[in-house]
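# Analysis of the macromolecular model
Take a look at the letters that make up each chain.
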Amino acid sequence: MPGFKITSFKGAVPKLAPRLLAPEFAQTALNARLENGDLKGYGTITVASLEPIGRESSINDREDDSPTIIYKYGTHWLHWMFDVDVVQSPIVNDSTDRLYFTGDGIMKMTNNELVTDASVTNTIVDYKTDLTTPISRNPYTSQAVGIPKPTEAPTTAWTTGSTASLDLEQRFYVYTYVNANGEESAPSAPSPRVAALLTEEPVIGVTIPSTNGDYENVAKVRLYVTATGSNATDFQFCAEGTGTTINDTGNRAEVLPTKTWVPPDPNLKGLTAMANGVLAGFDENTLMFSEPYIPYAWPIEYQLGVPYEIVGLGRAGDQLVVCTKGTPYLASGATSASMDLIGLSVEQACVSKRSIVSILDGVIYASPDGLVYVSSGGAELLTKDLITRAQWSTYNPSSIHAYQHDNLYYAFNGTGGFIFNPVDKHFVTIDLDTDAAFNDIITDTLYVYQNLSKLTDVSEYNANYPFWNISPWTSDTTDDTFTWTSKVFITERPTILSTGQVVFTAGGGTTSLTLTIDGTALSPIAVTADATGVATFR
């Protein structure tokens, strides 16, 4: 008996004609959640599922104050009104759970104390949540990362010793600043030469110039001394203190580690964490790297240049993907000092920084022709056989902001978006409109921001948070309405279809089917499953 059967469901492949699709692929798939070959809808976003982003009970309620970035930090929701990049601390045994971020002026840090502490003040802090209008903010306080080097050299004098001995050692001193976060600056210029009397083990008093209020976050000063009589040799740690005079009593310890360290470039953006404790960022066409596990130190000699302006960065395993306005690049190395750049041959520029997503040991980003996948194996236009350039342009790729969840690529563009499966290679269109989202890997949930103007059910909306709410979208168990249109099936001869069957995987259920025969859509058929989950219709 002629007929057709669909036993597995996948998304759409827009490039192929409907008759050429395999049975499991759709002409169109809207809001369809396709897992394990089953067909169902995504969870409904309801008022009851919404959670407030803001910390205070009343927040500026202008509709145009939608956050661009949201970030779940423990029990707190952090948000920014513009594009920032946030990474967790690579510091070993960091009890303060530091977060580092760029895109909000200079590179900044917040932690589990600063994030809710409105009383903390620091003149180095340069925090803003809105470029024009102050609003309630979260995190409450952040601090600039790194500390500038001292601008003046130390001076020295003997506090003990006798000129009777001729056994002299030539010494030079430098000092560094250490702030309350344990970040240490590059050293000052060397002191004038000092002749020390070794036979009497003199204590050398080193005078530290005043900071003149320029370094209010300085917690202490560390003093280093030359191992030989030349200021071109290594400096060794000898003492530390908080006063204007620090005494060298003869102790010697580690070699000065911060000789080439500088704070992050003030224009650093695109902060990305690599697998080896290195943080990476960029400005224009310059790629920058921190010292491993020292996120406040960014030596200039670690910088690399590419021919094109950099759009953004992504992590692919132990490599860094550099997305540019030209071709992509791969950066890799065991340490920051050994990073190498490899240019890839695919000529696909990145058209949206926020489209860059690390996924499946690689990176996906939006180009003018479709989605590009970059990994250690190279780069490819992942969607070349799935969608035409004209079809792709309807997604407005330059406006895409995307997120990884369960190895799917969730993309939004201001009017809706799509979900792309990079393994099975198919699309599902979504009409959910969101300005910001966050993938929480701890709870395996994709959260989306919902503005009141974008909700359809506001009967129980939390009036205290009129425009600042999020929803755990992909963890909701209530299925929403979806549409899935099959391929065009062509029979070898005229056929009368008399009976159909729908099998529900979860027992009972109800759905509506519309059959289109020879281009004519029949009236929708409502089908309801019996106790075994089977619905038969004629």
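Quick note: structure is the one above.
A short tour of the structure in this document, coming up. (Residues numbered from 1 in each chain as written. Predicted model: local features only at pLDDT ≥ 70, side-chain atom pairs only at ≥ 80, totals over all residues. Heavy atoms only, no water.)

## Focus on the overall build of the protein
- A tally of helices and strands in the protein yields one helix and 44 strands.
- Split into buried and exposed, the 538 residues of the protein put 48% on the buried side.
- Long-range contacts, defined here as pairs at least 24 residues apart, represent 57% of the contacts in the protein between residues at least 6 apart.
- Taken as a whole, the protein presents about 25200 Å² of accessible surface, with 49% of it coming from carbon and sulfur. (Helix = DSSP H or I, 4+ residues; strand = E, 2+ residues; numbered from the N terminus. Buried < 20%, exposed > 50% of the residue type's maximum accessible area, 1.4 Å probe, protein only. Contact = heavy atoms within 4.5 Å. Areas by Shrake-Rupley, 256 points an atom, 1.4 Å probe, with all protein chains shown as cover.)

## Some thoughts on the side chain of T176
- Here T176 shows up in strand 13 (residues 173-179).
- Its relative accessible area of 0% is what places T176 among the buried residues.
- The contacts of T176, once residues within four sequence positions are left out, are P150, E184, S185, A186, P187, K220, V221, R222, Y224, L256 and T258.

## Focus: the packing of aromatic side chains
- Inspection of every chain in the model, using the stated rule, returns 19 aromatic pairs.
- Pairing Y395 with F427 gives two aromatic rings, centres 6.1 Å apart and planes at 20 degrees, and the pair type is stacked. Of this pair, Y395 sits in the loop between helix 1 (389-393) and strand 31 (401-405) while F427 sits in strand 34 (residues 426-430), placing them 32 residues apart in sequence. The same class applies to Y395 as to F427, namely buried.
- Here a set of aromatic residues connected by ring pairs shows up, and it is made of W392, Y395, Y409, F418, F420 and F427.
- Between R222 and the ring centre of F237, over which it is positioned, the NZ or CZ distance is 4.1 Å. (Phe/Tyr/Trp six-rings, centres within 6.5 Å; stacked < 30°, edge-to-face > 60°. Lys NZ or Arg CZ within 6 Å of the ring centre and 35° of its normal.)

## Focus: the pattern of salt bridges
- This structure, assessed with the given rule, holds 15 salt bridges.
- In this structure, K40 and E35 form a salt bridge, with 3.9 Å as the shortest nitrogen-oxygen distance.
- Given the relative accessible area of 33%, K40 is considered partly exposed.
- When its relative accessible area of 30% is taken as the criterion, E35 is described as partly exposed.
- Its salt-bridge partner being K269, residue D283 comes within 3.0 Å of it at the nearest N-O pair. (Salt bridge = Lys/Arg side-chain N within 4 Å of Asp/Glu carboxyl O.)

## Some points on the state of the cysteines
- Scanning all chains against the criterion turns up zero disulfides.
- In this structure C323 is not part of a disulfide, and its nearest cysteine sulfur, from C350, lies 4.8 Å away. (Disulfide = S-S within 2.5 Å.)

## Notes on unusual backbone geometry
- Here the phi dihedral of Y293 falls at roughly 65 degrees; this positive angle occurs in a residue that is not glycine.
- Within the element layout of this structure, Y293 appears in the loop between strand 21 (286-289) and strand 22 (304-305).
- We classify Y293 as partly exposed; its relative accessible area is 41%.
- The phi dihedral of D406 is positive, around 50 degrees, even though this residue is not glycine.
- Here D406 is to be found in the loop between strand 31 and strand 32 (408-412).
- Relative accessible area serves as the criterion here: at 43%, D406 is assigned to the partly exposed category.

## Brief notes about a nonpolar patch on the surface
- Taken together, the side chains of F4, L497, I517 and L522 define a hydrophobic patch exposed on the protein surface, amounting to about 360 Å² of accessible area.
- Relative to the assigned elements, L497 resides in the loop between strand 38 (483-486) and strand 39 (500-503).
- Note on L497: relative accessible area 45%, which makes it partly exposed. (Patch = residues over 30% accessible without salt bridge, like charges linked within 9 Å, V, L, I, M, F, W, Y side chains within 5 Å.)

## Here we look at the environment of K425
- Topologically, K425 is positioned in the loop between strand 33 (417-421) and strand 34.
- Residues K425 and L382, 43 residues apart in the sequence, show an inter-C-alpha distance of 8.3 Å.
- In this structure K425 touches V13, F25, L382, L386 and F420, once residues within four positions along its chain are discounted.

## A look at the nonpolar core
- Within the largest apolar cluster, 21 residues are counted, with the highest numbers of intra-cluster contacts made by L371, W392, I400, Y409, F418 and F420.
- Those elements that provide at least two residues to this core are strand 27 (357-359), strand 28 (362-367), strand 29 (370-375), strand 32 and strand 33.
- If sequence neighbours within four positions are ignored, Y409 has contacts with S355, V357, I359, I364, A366, L371, I400, A402, Y403, F418, I419 and F420.
- Core analysis: the next-biggest nonpolar cluster, separate from the first, contains 19 residues, L78, W80, Y449 and I470 among them. (Core = buried A, V, L, I, M, F, W, Y, C linked by side-chain atoms within 4.5 Å.)

## Side note on the sheet that holds strand 8 (residues 99-102)
- Strand order in this open sheet of four strands is 7-8-9-10, and the pairing throughout is antiparallel. Each edge of the open sheet is held by one strand with a lone partner, namely strand 7 (85-88) and strand 10 (143-144). (Pairing = 2+ DSSP bridges.)

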